[in-house]
Amino acid sequence: MMESIQQIREQLERCRTEQLPVLLRTWQDDPRKGVEKLLQQYRRKYEKMEKELARLEEMLTYEREYGSCSVIAGVDEAGRGPLAGPVVAAAVILPREHKILYLNDSKKLSAARREELYDQIMEEAVSVGVGQASPEMIDEVNILQATYLAMREAVSRLDPAPALLLNDAVTIPGIGIRQVPIVKGDGKSLSIAAASVIAKVTRDRMMKAYDSLYPAYGFGEHKGYGSEKHIAVLKEIGPCPIHRRTFIKHFTQ
């Protein structure tokens, strides 16, 4: 008895990605238009997944190059550019050869995807460390040094301690751990991409919380960056306690 199109759909939906080609061949000679359309849909799905898996393979290049190191962590930050709020850094140790579908530079992901990946990283990572530097600290020591402070704190919270750091573009001073700075590393290393997502989501959640304390500025919308609306409100009513005074001189004089 010929299987119904719905039965074929259910089998395709249940099967693992690597098993799809076998199932697609099973029904490739089925003359029904509905089956042909269904197979085309799942061929596209398979091709898309193959492309994604190839991208993830490429993003493990640095982890494999330095695979002799016992523990590798990726390090990145979020919030160097805003006019308000802290700078947040994250350090993440992923299991060896571990792939997380759609993990990428946080700036290339939607807010919804970042939230999903945040939960997955927190569940599957060997260890996650987060650090931050306050607006007051940013004003005191400058944004670069404050970023280093946040990164050192994030790395110090890892357990086990890493033997190698893969960093997004920077070399962190004051850390006695081997470091590899990678320009645009959040798009080239899964470890750094994971840190990018953790840092970004952590900071965004903080800014949403600040939005309830200082609703006039719209922090929940622009996360402290210098949007037209943010600057207009800043000029009208002045700064609040989480503004970086060294960043807003042009708007408050």
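Just so you know, these numbers come straight off a predicted model, no measurement behind them.

### Focus: the overall build of the protein
When you go through the protein residue by residue, the secondary structure sums to eleven helices and five strands. The C-alpha radius of gyration computed for the protein amounts to 23 Å, which surpasses the reference 18 Å derived for 253 residues by more than 25%, pointing to a less compact arrangement than a globule. For the protein, with 253 residues in total, the buried portion stands at 46%. Taking the intrachain contacts of the protein between residues at least 6 apart in sequence as the baseline, contacts between residues at least 24 apart amount to 66%. With an accessible surface of roughly 13,200 Å², the protein has 51% of that area assigned to carbon and sulfur atoms.

### Examining the pattern of salt bridges
For the structure shown, the criterion picks out 14 salt bridges. A salt bridge links Lys107 to Asp186, with the shortest nitrogen-to-oxygen separation between them at 3.1 Å. With Lys107 in the loop between strand E2 (87-93) and helix H5 (111-124) and Asp186 in the loop between strand E5 (178-182) and helix H8 (190-213), the pair connects residues that are 79 residues apart, well separated along the chain. A relative accessible area of 5% places Asp186 in the buried class. Where Glu221 meets Lys229, a salt bridge forms, and the shortest distance between an N and an O atom there is 3.6 Å. Look at the salt bridges and you will find they share partners, linking Glu57, Arg64, Glu97 and Lys99 into a network.

### Thoughts on the packing of helix H1 (residues 5-14) against helix H3 (residues 33-58)
Following both chains from N to C, one finds H1 and H3 inclined at 10 degrees, their axes separated by 10 Å at the closest point. Classified by the angle their axes make, H1 and H3 are roughly parallel. Touching Ile5, Ile8, Arg9, Leu12 and Glu13 of H1 are Gly34, Val35, Leu38, Leu39, Gln41, Tyr42 and Lys45, all from H3.

### Concerning the sheet that holds strand E1 (residues 72-78)
Strands sit in the order E3-E2-E1-E4-E5 across an open sheet of five strands; the sheet is mixed. Strand pairing shows two members of the sheet lacking a second neighbour, strand E3 (127-133) and E5, which therefore form its edges. Ignoring strand direction, the axes of neighbouring strands in this sheet form an average angle of 20 degrees. Contacts from H8 reach E1, E2, E3, strand E4 (164-168) and E5 within the one sheet, and its direction differs from that of E1 by about 35 degrees.

### Thoughts on the nonpolar core
In this structure, Val92, Leu94, Leu103, Leu117, Ile121, Leu190 and Val197 are the most contacted members of the largest nonpolar core, which totals 24 residues. Broken down by secondary-structure element, the contributors of at least two residues to this core are E2, H5 and H8. Setting aside chain neighbours within four positions, we find Leu103 in contact with Glu52, Arg55, Leu56, Met59, Leu117, Ile121, Leu190, Ala193, Ala194 and Val197. If you look at the next biggest cluster of nonpolar residues, it comprises 16 residues, including Ala89, Met151, Ala154 and Leu158.

### Details of the side chain of Asn104
Inspection of the secondary structure puts Asn104 in the loop between E2 and H5. A residue is classified by how much of its surface remains accessible, and Asn104, at 14% relative accessible area, is buried. Contacts of Asn104, omitting those with residues within four sequence positions, involve Arg55, Met59, Leu109, Asp186, Gly187, Ala193 and Val197.

### Some points on H5
Taking 1.5 Å per residue, 14 residues should reach 20 Å; H5 reaches 20 Å between its end C-alpha atoms and fits that length. Taken as a whole, H5 has its buried residues at Arg114, Leu117, Tyr118 and Ile121. Buried residues in H5, looked at end-on, bunch into an arc of 115 degrees, giving them a common side. Every exposed residue of H5 that faces more than 90 degrees away from the buried side is listed here: Ala112 and Glu123. Those residues of H5 hidden inside the fold are in contact with E2, E3 and H8.

### Some details on the packing of aromatic side chains
One pass over the full model with this rule turns up one aromatic pair. Taking the centre distance of 5.4 Å and the plane angle of 15 degrees together, the rings of Tyr217 and Phe219 count as stacked. Across from the ring centre of Tyr102, 4.3 Å away, lies the NZ or CZ of Arg113, which sits over that ring. Above the face of the Tyr118 ring, Arg205 is positioned so that its terminal group lies 4.3 Å from the ring centre.

### Overview of the side chain of Asp204
Among the secondary structure elements, Asp204 is positioned in helix H8. Given a relative accessible area of 10%, Asp204 falls into the buried group. The residues touching Asp204, leaving out its near neighbours within four places in the chain, are Arg114 and Lys223.

### Some points on the environment of His243
Here His243 shows up in the loop between helix H10 (228-237) and helix H11 (249-252). When the C-alpha positions of His243 and Gln6 are compared, they lie 57 Å apart, and in sequence the two are 237 residues distant. Setting aside anything within four residues of it in sequence, one finds His243 in contact with Leu83, Ala84, Pro135, Asp139, Tyr217, Phe219, His230, Leu234 and Ile248. Separated by 2.9 Å, the side chain of His243 and the backbone nitrogen of Cys240 make a polar contact.

Definitions and limits used
- Residues numbered from 1 in each chain as written.
- Predicted model: local features only at pLDDT ≥ 70, side-chain atom pairs only at ≥ 80, totals over all residues.
- Heavy atoms only, no water.
- Helix = DSSP H or I, 4+ residues; strand = E, 2+ residues; numbered from the N terminus.
- Rg over C-alpha atoms; globule rule 2.2 N^0.38 Å.
- Buried < 20%, exposed > 50% of the residue type's maximum accessible area, 1.4 Å probe, protein only.
- Contact = heavy atoms within 4.5 Å.
- Areas by Shrake-Rupley, 256 points an atom, 1.4 Å probe, with all protein chains shown as cover.
- Salt bridge = Lys/Arg side-chain N within 4 Å of Asp/Glu carboxyl O.
- Axes fitted to C-alpha atoms, helices over the stretch in contact; angles between N-to-C directions.
- Parallel < 35°, antiparallel > 145°, perpendicular 65-115°, else oblique.
- Pairing = 2+ DSSP bridges.
- Core = buried A, V, L, I, M, F, W, Y, C linked by side-chain atoms within 4.5 Å.
- Expected span 1.5 Å × (residues − 1).
- Arc of directions from axis to C-beta.
- Phe/Tyr/Trp six-rings, centres within 6.5 Å; stacked < 30°, edge-to-face > 60°.
- Lys NZ or Arg CZ within 6 Å of the ring centre and 35° of its normal.
- Polar contact = N/O pair within 3.5 Å; in protein donor to acceptor, adjacent residues only side chain to side chain.

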